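Examination of the molecular architecture
Read off the chains here:
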Amino acid sequence: MKKLMAVVSAVLMVAALAGCSKKVEKGEYTIEKDVFKVGMEIGYPPMEYYDADGKTPIGFDVELSKALSEKLELKLEIVDTSWDGIFAGLETDKYDAVISSVTITDERKESMDFTQAYIGNGQAIILQKDSTLNVNSPADLTGLKVAYQAETTSDYFMAKQGENGLKFEPVEFDKVINAYDELALGRCDAVCSDALVSAAYLGPDSKYKSVWVGDADEYFGVAVKKGNSVLAEKLDAALVELAADGTLKAISEKIFGTDLIAIK
C-alpha cells in the first residue's frame, strides 16, 4: 500500500511540475506574445470608466488603447488597477504599459519611459450649479473645503497653492468620482480636477458648473517600463499614424466634442 501511495504521489508530483513548467510565451517587446496588456485605473471619466453595465471599460484612454493595439496587431487586455499601485505594477511586469491619464513629468521619467504626449490638460475648479460662492480663481478658495483625488496632479496643484499661502481645507479621495459625489451632497465647497475630467460632469443638466480652467500645463503620455525602448518607439510610431489618419481627432471629438489632440 505504501509503495502504491508512493507511486501515486510521484505521478501527481510529475504532473504538478509539468503544469508549473508551462509558461506563457513572451512577446518580442511585450510580456505575453501577441497581447498588449494595459494598466488602467478605470474610475476616471471621461478618460476611463465603466459603462452602465459595470463591466465594459469605455472612455478616451480605452479608445486610444484599442487603436494602439490594432496598429501593433496585438490583442488588447486591460488590467484595472488602483492608482496608488499602478506604476509598481508596470515595474513588476503586470502589464506592458500604463494608459491612464498619466502626466509626463521629469520625476516620472526617472523611473519609467514615455511616448510623446497625446493630449494636453489643465486644472479646473468646479462648484455646485446653484452655488453662490464667489469663486473665479484658485485664490478665491480661501477658507473653503476643496475635494480632489489624492496622488494626482490636482493634488499637486492644490498643494502648490497651499505652499503659496492659500488657506483651505483639503478633502482627499482615492477616486475622482467620490470628490464629485461629495460636492453633489454639499459636503465640500468645490472640486479641483483635471479639466478633461470635468468635461464628463458638465452640461445642460449637470449638477455642477465650471468657474475656472487653467491653461494646459501638463500633457498625458503612454508610460512603459524603464528600458523598454522598443515598445516605446513602436507606440510613438503608432500615435503618429493615428494622428495622421484622423483616428485620434475622431476619438477626441467623440469624447470631448472637440479636437484636443497634442500631436499635429
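Quick caveat: nothing in here was measured; it's all calculated off a predicted structure.

**What to know about unusual backbone geometry**
- A cis amide bond, omega 5°, links P45 with the succeeding residue P46.
- Despite not being glycine, D34 has its phi angle at roughly 65°, a positive value.
- When you line up the elements, D34 lands in the loop between α1 (2-21) and β1 (35-40).
- Positive phi is not limited to glycine here, since E151 has a value of about 60°.
- Looking at the element boundaries, E151 is found in the loop between β9 (145-149) and α5 (153-163).
- For E151, a relative accessible area of 45% puts it in the partly exposed group.

**Describing the nonpolar core**
- F36, F60, L68 and Y118 are the most contacted members of the largest nonpolar core, which has 48 residues in total.
- Those elements that place two or more of their residues in this core are β1, α2 (60-71), β8 (123-128), β10 (169-173), α6 (176-184), α7 (195-198), α8 (229-244) and α9 (247-256).
- When residues of this core are assigned to their parent elements, the largest contribution, 6 residues, is made by α8.
- Beyond its immediate chain neighbours, meaning those up to four positions away, Y118 contacts F60, D61, L64, I99, S101, F220, G221, V222, L239, I261, A262 and I263.
- Judged by nonpolar contacts, the second largest core, of 13 residues, contains L127, L141, V146 and C192.

**Concerning α2**
- With 12 residues, α2 should reach 16 Å at 1.5 Å per residue; the first-to-last C-alpha distance of 17 Å fits that figure.
- Listed in full, the buried residues belonging to α2 are F60, D61, V62, L64, S65, A67, L68 and S69.
- Packed against the buried residues of α2 are β1, β3 (57-58), β4 (75-80), β7 (119-121), α8 and α9.
- Looking one or two residues past α2, E73 carries a phi angle of roughly 60°, positive in sign.

Here is what the cut-offs are and how they apply
Residues numbered from 1 in each chain as written. Predicted model: local features only at pLDDT ≥ 70, side-chain atom pairs only at ≥ 80, totals over all residues. Heavy atoms only, no water. Helix = DSSP H or I, 4+ residues; strand = E, 2+ residues; numbered from the N terminus. Buried < 20%, exposed > 50% of the residue type's maximum accessible area, 1.4 Å probe, protein only. Core = buried A, V, L, I, M, F, W, Y, C linked by side-chain atoms within 4.5 Å. Contact = heavy atoms within 4.5 Å. Expected span 1.5 Å × (residues − 1).

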